[in-house]
Amino acid sequence: MLHHVEINVTDLSKATEFWGWFLGELNYEVFQKWDKGISWKGNMTYIVFVQTEDRFIQGGYHRSQVGLNHLAFYADSRHHVDQMTEKLRERHIPILYQDRHPFAGGANHYAVFFEGPDRMKVELVAP
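Residues numbered from 1 in each chain as written. Predicted model: local features only at pLDDT ≥ 70, side-chain atom pairs only at ≥ 80, totals over all residues. Heavy atoms only, no water.

Participant: Would you mind going over the sheet that holds strand 5 (residues 70-74) in detail, with residue names and values included?
Facilitator: Adjacent strands of a sheet pair through backbone hydrogen bonds, lying either parallel or antiparallel. Across the sheet, which stays open at both edges, the three strands sit in the order 5-7-6 with mixed pairing between neighbours. Both edges of this open sheet fall to strand 5 and strand 6 (111-115), since each of them pairs with a single strand only. Averaged over all pairs of adjacent strands, the angle between their axes in this sheet comes to 20 degrees, without regard to strand direction. Relative to strand 7 (residues 121-125), strand 6 runs antiparallel, the two sharing five bridges. The residue bridging alanine 111 from the neighbouring strand is valine 125, located in strand 7. In this fold helix 3 (residues 78-90) packs onto strand 6 and strand 7, with an angle of close to 25 degrees to the strand it touches most, strand 6. (Pairing = 2+ DSSP bridges. Helix = DSSP H or I, 4+ residues; strand = E, 2+ residues; numbered from the N terminus. Axes fitted to C-alpha atoms, helices over the stretch in contact; angles between N-to-C directions. Contact = heavy atoms within 4.5 Å.)

See below:
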């Protein structure tokens, strides 16, 4: 079981708005909050977002570099993936791999892929 993941972000305010909405839709609840960070907890696992110090922001993030490629979350069902896809579109959050959506992960992998505020790829996959 994964205990927690901590992610440095370029803009904590934008991250809080985006991840608060998305994780709230997945029934995560705010777990911790302080000046430079916030976390949400779902079951026993929590996700932490921390404001990156200015001196480290310039390099930026890209999922093709060494490090984390993306975060994947379970949806309740295919219908849940479809509902969330519509909500993402309503929020003008670009859907990745539109030409293959919702099977961008393969013929038996029903999911939506999109990017968060720092361009980290996020996946919501049906069981």
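Participant: Explain the pairing of strand 4 (residues 45-51) to me, and be specific about the residues and the numbers.
Facilitator: Extensive coverage of strand 4 is indicated by the burial of six of its seven residues. Pairing between strand 1 (residues 4-9) and strand 4: six bridges, direction parallel. Counterpart to glutamate 6 in the pairing with strand 4 is valine 48. Of the pairings in the sheet, the one linking strand 3 (residues 37-42) to strand 4 comprises six bridges and is antiparallel in character. (Buried < 20%, exposed > 50% of the residue type's maximum accessible area, 1.4 Å probe, protein only.)

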